[in-house]
Structures are given as C-alpha cells and as structure tokens.
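# Understanding the architecture of this molecule
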Amino acid sequence: MANLPDMTKHRGFPSGMPGTGVQFTIRRANPRGVTPIKALPRRARPGTAEHRIDAAFLHALWHHFGDEPFERGNLDAARLSLLFGREVVPAEKDFDPLSYEAMLMIDERVARQSFPESFEDVFEV
C-alpha cells in the first residue's frame, strides 16, 4: 500500500450510528487523495431518519470536543459536509478542505437551533 498521509484518529469517538450502517469515522486515509469537505445541501427534515443521523453525529461531536476547535482527522467527510458551513465551521482563517489536519469547530448558536437534541446528555438511538 502506498504511503498514506498522517491522519489523527479520534479515539473514543463513535464509529457510526448503530443499526444504520452510517459511518462517522474512517479507518484509514484515502489512498486516492483526501476527500474535500464542502457544504452539501441538507434535505433531511426533522423527524426523518436522516435528520436523526445528523443529530447523532453532532451529539458525538459536541460531547467529544465541546466548544473547542478540533482536527478533522478521521471524521467522515460526507457527514461533516452535511453540517459544514452551518453547524460546523472552519476554526482557522486559512482553512484547507483537503487536509486531514484542518481545524473545525461547532457554531453552538446555529447547532442548538438546528439540533437541540444533540446537546442533551443522552441521545437515544
């Protein structure tokens, strides 16, 4: 296997949403290049399974990192992209969407409006 870029693995972060097959983290760096993070339109309405998955991911982010900036690392680009530009924003001026070392943070005000359930102590799956 080719030399893969270094990627922080967030130990203790949930690997995905139980019972859905949806992943929250990746196992290894992409050998074809880093998948860019970009704001994707979110079509999930409250009450749908997709909305619940986004809420669970945000819950995991909040309870793992809180209001502190965090490195992208092994967090899944697709999951991040569904929150990017709204609930999750760049934490640095020179943000590189193609870097596993890119720093992100939760915009708590926006996130609490969009997914209030993500800030509860327990998220029922």
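Please refer to the structure placed before this passage.
Structural notes, computed from the coordinates. (Residues numbered from 1 in each chain as written. Predicted model: local features only at pLDDT ≥ 70, side-chain atom pairs only at ≥ 80, totals over all residues. Heavy atoms only, no water.)

Once that is clear, we can look at the environment of alanine 102. Assignment of secondary structure puts alanine 102 in the loop between strand E4 (88-90) and strand E5 (103-106). Sequence-wise, alanine 102 and arginine 72 are 30 residues apart; in three dimensions their C-alpha atoms are separated by 5.5 Å. Not counting chain neighbours up to four residues away, the residues in contact with alanine 102 comprise Phe70, Glu71, Arg72, Glu92, Phe95 and Asp96. (Helix = DSSP H or I, 4+ residues; strand = E, 2+ residues; numbered from the N terminus. Contact = heavy atoms within 4.5 Å.)

The next subject is the packing of aromatic side chains. Counted according to the given criterion, the structure contains six aromatic pairs. Pairing phenylalanine 24 with phenylalanine 57 gives two aromatic rings, centres 5.1 Å apart and planes at 55 degrees, and the pair type is tilted. Of this pair, phenylalanine 24 sits in the loop between strand E2 (22-23) and helix H1 (49-65) while phenylalanine 57 is found in helix H1, placing the two residues 33 residues apart along the sequence. Taking relative accessible area as the criterion, phenylalanine 57 reaches 0% and is therefore assigned buried. Among the aromatic residues, ring-to-ring pairing joins Phe13, Phe24, Phe57, Phe65 and Phe70 into one connected group. One Lys or Arg, arginine 112, reaches over the ring of tryptophan 62 and ends 5.7 Å from the middle of that ring. (Phe/Tyr/Trp six-rings, centres within 6.5 Å; stacked < 30°, edge-to-face > 60°. Buried < 20%, exposed > 50% of the residue type's maximum accessible area, 1.4 Å probe, protein only. Lys NZ or Arg CZ within 6 Å of the ring centre and 35° of its normal.)

For the rest of this paragraph, the subject is the sheet that holds strand E3 (residues 70-71). Strands sit in the order E3-E5-E4 across an open sheet of three strands; the sheet is antiparallel. Sheet topology places E3 and E4 at the edges, where each strand pairs with a single neighbour. Strand direction decides the pairing type here: E4 and E5, joined by three bridges, are antiparallel. Across the sheet, proline 90 pairs through a bridge with leucine 104, a residue of E5. Sitting on the sheet, H1 is in contact with E3, E4 and E5, with an inclination near 105 degrees to E5. (Pairing = 2+ DSSP bridges. Axes fitted to C-alpha atoms, helices over the stretch in contact; angles between N-to-C directions.)

With that settled, the discussion passes to the side chain of asparagine 74. Looking at the secondary structure, you find asparagine 74 in the loop between E3 and helix H2 (77-83). When neighbours within four sequence positions are excluded, asparagine 74 is seen to be in contact with Met7, Thr8, Lys9, His10, Phe24, Thr25 and Ile26.

To continue, consider the pairing of E5. Side chains Leu104 and Ile106 of E5 all project onto a buried face; the interleaved residues Met103 and Met105 project onto a face where none is buried. As defined by bridge partners, E3 adjoins E5 across two bridges and the pair is classed as antiparallel. Paired with phenylalanine 70 across the bridge in E5 is leucine 104.

This part takes up H1. Its 17 residues give H1 an end-to-end C-alpha distance of 24 Å, which sits within 8% of 24 Å, the value for a rise of 1.5 Å per residue. In terms of burial, H1 is largely enclosed, as twelve of its 17 residues are buried. Listed in full, the buried residues belonging to H1 are His51, Ile53, Asp54, Ala55, Ala56, Phe57, Leu58, His59, Ala60, Leu61, Trp62 and Phe65. The positive-phi residue at the C-terminal boundary of H1 is glycine 66, with phi of around 65 degrees. (Expected span 1.5 Å × (residues − 1).)

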